[in-house]
Amino acid sequence: KNTFFESLKEDLKDNAKNVKNFLDKFGLFFDNPLYFWTKANDKLHMHVDNNKEFSYYDGTNDLKDFFDNHVKINFTWGSSDSKMQWWHCDEKDIKISDKKDKNGDVWVTPFANEKDCNLVFEETISRPSLVNGGTLHSVINPSKTKNRLTQSFNIVSKSNFESIKFNEACEIFKEYVL
C-alpha cells in the first residue's frame, strides 16, 4: 500500500474542488484528473498526454489530435527538484501505445525514445504549473529518497469542449502566472 498517496487523498480531493471552482470563473472545466507517480531516482518516459475524454471526444486518434499544445495544470507533491523536459523528434520516430483500461476504453498515447529526440526545454516543477501536455515531454525525479506524485488537470472550454492551448492559457491566467 502506498502510504504517501494515501496520506494525500483528502488533499487531492480538496485540490480538485478548488481547481474546479477556479476554472469555473473563466468558463472552463477539467475533464478527468490524472495522477502520475514517479519513484525516487526514476523517470516518467517521454510521451504526449492523452487529452481526449471519451464522453465528448469523437475524433480519430490521429497523431495531430494529440500534438496540439493543449495545456494542463499540474500540482506536484514530493521531490522539489524534479524536472519536466520537453522534446522534439521527427514524426517517423513517434510510436503509439494503445492500452485498454478496466472499463474497456482504449487510451492512445504517443511516445518516442530519448535517443531519437532533441531536448528543447527543461524546467524544475516545484509549484502549481501550467504545462504543455500536447507535445513530447518526460519527467525526471533525481531525489534519492522522495517519491513524486502529480495531479494533472486537462483544461477544456465549456463553450466548445475544446482543449485550451498553452498560449491561450498563458493569456487567460496572466495575472496568476509568474
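Scroll up to find the structure this text is about.
Per-chain numbering applies: the sequence of each chain, read as written, is numbered from 1 onward. Residues qualify for local features only when their pLDDT is at least 70, as the model is predicted, and side-chain atom pairs are given and counted only at 80 or more; totals for whole chains, interfaces and linings, by contrast, use all residues. Excluded from the side-chain calculation are hydrogens and water; included are all heavy atoms of the structure.

A. Geometry of unusual backbone geometry. The phi dihedral of Asn41 falls on the positive side, at around 55°, and the residue is not glycine. Strands here mean DSSP runs of E at least two residues long; helices mean DSSP runs of H or I at least four residues long; both are numbered from the N terminus. Along the chain, Asn41 falls in the loop between strand E2 (34–38) and strand E3 (42–47). Notably, Asn69 is not glycine yet its phi reads approximately 60°, a positive angle. The residue Asn69 is located in the loop between helix H2 (63–66) and strand E4 (71–78) in this model. Throughout this description, buried means an accessible area under 20% of the type-specific maximum (1.4 Å probe, protein chains only), exposed means over 50%, and partly exposed covers the range between. Residue classification places Asn69 among the partly exposed residues on the basis of a relative accessible area of 39%.

B. Inspection of the pattern of salt bridges at higher detail. By salt bridge we mean one thing: a side-chain nitrogen of Lys or Arg within 4 Å of a carboxyl oxygen of Asp or Glu. Counted under the stated rule, the structure contains nine salt bridges. Measuring nitrogen to oxygen at the nearest pair gives 3.7 Å for the salt bridge that ties Lys165 to Asp68. Taken together, the positions of Lys165 in the loop between strand E11 (148–157) and helix H3 (166–172) and Asp68 in the loop between H2 and E4 put the pair 97 residues apart, joining distant regions of the chain. Overall, Lys165 belongs to the partly exposed group, its relative accessible area being 26%. Accessibility expressed as a relative area gives 14% for Asp68, which makes it buried. Taken together, the shared-partner salt bridges in this structure form one network comprising Lys20, Asp24 and Lys158.

C. Structural view of the side chain of Asp31. Structurally, Asp31 is set in the loop between strand E1 (28–30) and E2. All tallies of charge rest on Lys and Arg as positive and Asp and Glu as negative; His and the ends of each chain are not included. Buried charge Asp31 goes without a salt bridge, the closest partner of opposite sign being Lys72 at 7.5 Å.

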